[in-house]
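# Chain and residue survey
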Amino acid sequence: MHNDGNASQPRTGERTARTGVWFVGARGSVATTAVAGCAAVTAGLHAPTGMVTETPAFDGTGLPALSSLVFGGHDTVHCPLPKRAEHLTEGGVLPHGLAPAVRAELQAADDEIRPGGPLPDERRGDAELIADFAADLTAFRERNALARVVVVNVSSTEPQPAPDAVRLPASSLYAAAAVRAGCPYVNFTPSTGLRTPALTEAAAAAGLPHAGRDGKTGQTLLRAALAPMFVQRALSVRAWSGTNLLGGGDGAALADPAAAAAKNAGKERVLADTLGHTPQGEVHIDDVPVLGDWKTAWDHVAFEGFLGSRMILQTVWQGCDSALAAPLVLDLARLVARAHEAGLSGPLPELGFYFKDPDAGPAGLAEQFTALLSFADRLREMPVRRRPS
């Protein structure tokens, strides 16, 4: 393993109080990779590659140290995190030797995972589920003497609810529980989460910061970087088509056309917001179970240049979604925890750099990164307002 001798030391200005990170989907690939990765970086076994908050631009911002994070969560599956980490090692997601090296940290996190819902035979109504989930969050905070708990949704994509739905979607049940328990919230999925008028108002009334939705890890990250190039060079994009091949839990979930439509909405929004129009073409998502946690994304861009000359740009992105997402999830948990500590509330558009469908702000990646760096400057100047444990 790579050993970075200073990786386990807090960066300048980090707080030492313990912060909880509560994953919705706590036994999934992203959460498992995040827990294992945090332990590996803290122990100096690996460098924090992919973590923007570990770059010098975030020195002195008062972010919670990686060593101060305590993990727990909700899930409806029962495979313990140490075993899940073994599966991810077999799939090439985690490096060989890492799972046994951080087994104690994985087990500690697994001990803090509570049953989620709604289950297939669920008898509890929405109000009871929200109360139970909120109680789990409060108990986690009190049991571990945490300054605060950030709830991060990394569960599988769910279809958008029907306009006449009588029950809240699962993601919104967890979001409502976060608000009731006084926890900041991050939605790393395309699911509804906090984005209902009632829940957004409740979060504002509770003085809670929140960010989302749908983490920008691969194909859309590339689109957010490339689309401004066409605008800046006054090149007319005629069509932008894409295909995704992926397996694992995401592949199975996105085999549902309604879930795929929810996922693609964010991909299309990036192009529409940047180009000023929606070009022809669609994104197709194919479930290929043998690929596991690895994904291939193709993009085909048809654009027009001087004197109507027609040209093509094609890209191929191959990567592991869990390894791309985990450092972003850790970044977001730290940033939102610090925002809460500083007394900020409501949506955090400065974190749009991380999302396909951000709360507000620019769509271009460069502008989003500038906004994120400005947010880091702002955090350096913000007071510390600790929440009693």
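Description of the structure in this document. None of the values given here were measured: they were computed from a predicted structure.

### Quick look at the side chain of Ser29
Looking at the secondary structure, you find Ser29 in helix H1 (residues 29–42). Separated by 2.8 Å, the side chains of Ser29 and Asp293 make a polar contact.

### Overview of the packing of aromatic side chains
Taken as a whole, this structure holds eight aromatic pairs when the rule is applied. Seen in terms of ring centroids, Phe353 and Tyr354 are 5.3 Å apart; in terms of plane orientation they differ by 85 degrees. Their pairing is edge-to-face. Tyr354 shares its class with Phe353; the two are buried. By the ring-pair criterion, three or more aromatic residues cluster together here, those being Phe230, Trp240 and Phe303.

### Focus: the nonpolar core
By size, the foremost hydrophobic cluster in this structure holds 61 residues, and its most contacted members are Phe23, Phe71, Val152, Leu335, Leu351 and Tyr354. Broken down by element, the residue count for this core peaks at eleven residues, all from helix H11 (residues 321–341). The residues contacting Phe71, other than those within four sequence positions of it, are Val21, Phe23, Val35, Cys38, Ala109, Glu112, Phe140 and Leu330. Counting 26 residues, the second largest nonpolar core, distinct from the first, contains Leu129, Ala176, Ala181 and Leu194.

### Quick notes on the pattern of salt bridges
In this structure the tally under the stated criterion is 20 salt bridges. Taking the shortest distance from any N to any O, the salt bridge between Asp110 and Arg27 comes out at 2.9 Å. You can see Asp110 sitting in helix H4 (residues 103–111) and its partner Arg27 sitting in the loop between strand S1 (19–24) and H1, a full 83 residues away along the chain. Classification of Asp110 as buried rests on a relative accessible area of 9%.

### Comments concerning the pairing of strand S7 (residues 236–246)
Both S7 and strand S9 (residues 294–304) contribute to a ladder of ten bridges, which runs antiparallel. Residue Asn244 lies in a different strand from S9, and its bridge partner there is Ala297. Examined bridge by bridge, S7 and strand S8 (residues 283–287) share five bridges and lie parallel to one another. Following the sheet pairing, Thr243 is matched in S8 by His284.

### So, the pairing of strand S6 (residues 209–212)
Here S6 shows no split at all, with Pro209 and Ala211 on one side and His210 and Gly212 on the other all buried. Pairing of strand S5 (residues 185–187) with S6 involves three bridges; the strand directions are parallel. Note that in S6 the partner of Tyr185 across the bridge is His210. After leaving S5, the chain enters helix H7 (residues 197–205) and then returns to the sheet as S6, a path that is right-handed. Pairing analysis gives two bridges linking S6 to strand S11 (residues 346–347), with the strands arranged parallel.

### Re unusual backbone geometry
The omega angle of the peptide bond from Gly117 to Pro118 is -5 degrees, so this bond is cis rather than trans. Relative to the elements of secondary structure, Pro118 occurs in the loop between strand S3 (113–115) and helix H5 (126–143). The omega angle of the peptide bond from Gly212 to Arg213 is 15 degrees, so this bond is cis rather than trans. Looking at the secondary structure, you find Arg213 in the loop between S6 and helix H8 (219–232). For Asp214, which is not glycine, the phi dihedral falls at a positive 70 degrees. Note that Asp214 resides in the loop between S6 and H8. For Asp214, a relative accessible area of 2% corresponds to the buried category. Here Ala234, not a glycine, exhibits a phi torsion of approximately 55 degrees, which is positive. Tracing the backbone shows Ala234 in the loop between H8 and S7. Its relative accessible area of 70% is what places Ala234 among the exposed residues.

About the cut-offs
Residues numbered from 1 in each chain as written. Predicted model: local features only at pLDDT ≥ 70, side-chain atom pairs only at ≥ 80, totals over all residues. Heavy atoms only, no water. Helix = DSSP H or I, 4+ residues; strand = E, 2+ residues; numbered from the N terminus. Polar contact = N/O pair within 3.5 Å; in protein donor to acceptor, adjacent residues only side chain to side chain. Phe/Tyr/Trp six-rings, centres within 6.5 Å; stacked < 30°, edge-to-face > 60°. Buried < 20%, exposed > 50% of the residue type's maximum accessible area, 1.4 Å probe, protein only. Core = buried A, V, L, I, M, F, W, Y, C linked by side-chain atoms within 4.5 Å. Contact = heavy atoms within 4.5 Å. Salt bridge = Lys/Arg side-chain N within 4 Å of Asp/Glu carboxyl O. Pairing = 2+ DSSP bridges. Right-handed = clockwise from strand over helix to strand, strands pointing away.

Function-wise, these values are silent; they only describe arrangement.
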